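# Secondary and tertiary structure notes
Spelled out, the chains give:
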Amino acid sequence: MRFDWIAKYWPLLIDGAIQTVSLLAISVSVGFVLAIGLAFAQVSGGLISRNLSRAYCTFLRGTPLLIQLWLLYYGVGSLLPLVPGLRQSFLWPILREGFFFAAVSFTLNFAAYQAVILRGALLSVPKGELEAGRAVGMSPFTLVRRIWLPRAIRIALPTIAGEVVLQLKSTPLAFTVTVMDLYAVAYKVRQDTLLVYEPLIVVTLFYVSLTAVIARSFKFVEAQVPIRR
């Protein structure tokens with residue numbers, strides 16, 4: 001086993017780790033916000049919004065993430081240069097990068113899975129609590145903000161933690177659209193040094209460590225907000 005290559009490639013490893021964490025943070029945070037809207041559309045929305053939300057979740061959960069990523073990168077990405085004036089706009093440096101398409105793809109996929117989880121959690125909130133809120137004169141928005149959504153998130157918290165870990169393990173797919181994440185750096189090290197196992201061991205240790213941090217963070221949050229039954 002040789003690990004002397006780390007001294008040469010550590011800047012790339014740091015940059016790759018930042019790319020990986022950035023993809024995870026963006027997709028989880030933005031995807032969770034989208035999931036809240038999709039979940040409420042299924043629970044309390046009208047016929048059209050309910051069916052559209054279900055169709056979205058079914059499509060995104062029923063197709064491989066890699067295919068979704070490639071459809072965005074090679075499909076939509078090839079059409080963007082045809083938009084008049086886009087190449088000259090301030091958005092082009094962002095839209096031309098594979099990181100943008102990876103972040104969008106991961107976000108949309110994460111939102112679909114979280115929406116289904118939150119839907120079940122929203123339906124699991126005891127109706128008595130919602131009726132008590134209405135009885136004291138809470139508006140629908142206040143009821144959602146103070147009772148319904150917080151209780152649903154607390155119920156779903158252990159499942160959300162697992163989904164975040166799964167999302168972390170999906171980030172190496174960004175390598176297929178030229179994103180220099182941590183796995184891409186390991187691949188470059190293998191090409192340059194002909195070492196196969198050592199770069200993968202370093203990447204594995206990073207993912208295991210980050211998974212442990214995520215798990216402990218969610219456990220800490222669960223301990224601060226004990227569930228009431």
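These numbers come from a predicted model, not from an experiment.

### Digging into the side chain of T171
- On the secondary structure map, T171 appears in the loop between α7 (140-170) and α8 (182-193).
- In this structure T171 comes out as buried when scored by relative accessible area, which is 0%.

### Things to note about the packing of aromatic side chains
- Under the criterion given, the structure shown has eight aromatic pairs.
- Put simply, the rings of W70, Y73, Y74, F100 and F101 touch in pairs and so form one group of aromatic residues.

### A short note on the packing of helix α1 (residues 6-44) against helix α2 (residues 47-62)
- Taken N-terminus to C-terminus, the directions of α1 and α2 make an angle of 130 degrees; their axes are 8 Å apart at the nearest point. With respect to their mutual orientation, α1 and α2 come out oblique. In the packing of α1 onto α2, the handedness of the crossing is left-handed. Contacts from L38, A41 and Q42 of α1 reach α2 at S49, R50, S53, R54, Y56 and C57.
- Looking at the contact of α1 with α2 residue by residue, the class counts come to four nonpolar, three polar and two charged.

### A closer look at helix α9 (residues 197-224)
- Taking 1.5 Å as the rise per residue, α9 with 28 residues should run 40 Å; its terminal C-alpha atoms sit 41 Å apart, in good agreement.
- Buried residues of α9: E198, P199, V203, Y207, L210, I214 and F218, and no others.
- Buried residues along α9 sit in contact with α1, α7 and α8.

### Description of the packing of helix α5 (residues 98-124) against α7
- Remark: α5 packs on α7, axes separated minimally by 8 Å, with the N-to-C direction vectors making an angle of 150 degrees. Accordingly, the angle class assigned to the pair α5 and α7 is roughly antiparallel. Crossing handedness for the pair α5 and α7: right-handed. Across the interface between the two elements, F106, F110, Y113, Q114, I117, L118, A121, L122 and S124 of α5 pack against W148, A152, I153, I155, A156, T159, I160, E163, V164, Q167 and S170 of α7.
- Class assignment for the residues of the contact of α5 with α7 results in 14 nonpolar, five polar and one charged.

### What to know about the environment of T107
- Here T107 shows up in helix α5.
- On the accessibility criterion, T107 (7% relative accessible area) is buried.
- Sequence spacing of T107 and F32 is 75 residues, and the spatial spacing of their C-alpha atoms is 8.3 Å.
- Excluding its chain neighbours within four sequence positions, the residues that come into contact with T107 are I26, S27, V30, G31 and L34.

### Section: the pattern of salt bridges
- Here the structure, examined in full by the defined rule, presents four salt bridges.
- Here D4 makes a salt bridge to R2, at a shortest N to O gap of 3.1 Å.
- Judged by its relative accessible area of 42%, R2 is partly exposed.
- Notably, a salt bridge pairs D192 with K188, separated by 3.3 Å at the nearest N-O pair. Highlighted residues: D192 and K188, both in helix α8, separated by four residues, approximately one helical turn.
- We classify K188 as partly exposed; its relative accessible area is 31%.

### As for the UniProt feature "domain: ABC transmembrane type-1" (unreviewed entry) in the protein
- Sites flagged by UniProt as "domain: ABC transmembrane type-1" (unreviewed entry) map to residues 17-214.
- End C-alpha to end C-alpha, residues 17-214 measures 15 Å, and it is 81% helix and 0% strand.

### Details of the nonpolar core
- Counting 44 residues, the largest nonpolar core has L24, V164, I214 and F218 as the members making the most contacts within it.
- Those elements that provide at least two residues to this core are α1, α5, α7, α8 and α9.
- Top contributing element to this core by residue count: α7, with 12 residues.
- In this structure L24 touches V164, Q167, L168, T171, L210 and I214, once residues within four positions along its chain are discounted.
- Listed in part, the 15 residues of the second largest apolar core include Y73, L86, A102 and F106.

Rules used throughout
- Residues numbered from 1 in each chain as written.
- Predicted model: local features only at pLDDT ≥ 70, side-chain atom pairs only at ≥ 80, totals over all residues.
- Heavy atoms only, no water.
- Helix = DSSP H or I, 4+ residues; strand = E, 2+ residues; numbered from the N terminus.
- Buried < 20%, exposed > 50% of the residue type's maximum accessible area, 1.4 Å probe, protein only.
- Phe/Tyr/Trp six-rings, centres within 6.5 Å; stacked < 30°, edge-to-face > 60°.
- Axes fitted to C-alpha atoms, helices over the stretch in contact; angles between N-to-C directions.
- Parallel < 35°, antiparallel > 145°, perpendicular 65-115°, else oblique.
- Left-handed = near helix turned anticlockwise from the far one by under 90°.
- Contact = heavy atoms within 4.5 Å.
- Nonpolar A, V, L, I, M, F, W, Y, C, P; charged D, E, K, R; others polar.
- Expected span 1.5 Å × (residues − 1).
- Salt bridge = Lys/Arg side-chain N within 4 Å of Asp/Glu carboxyl O.
- UniProt positions renumbered as here; feature names shortened; annotations may be inferred.
- Core = buried A, V, L, I, M, F, W, Y, C linked by side-chain atoms within 4.5 Å.

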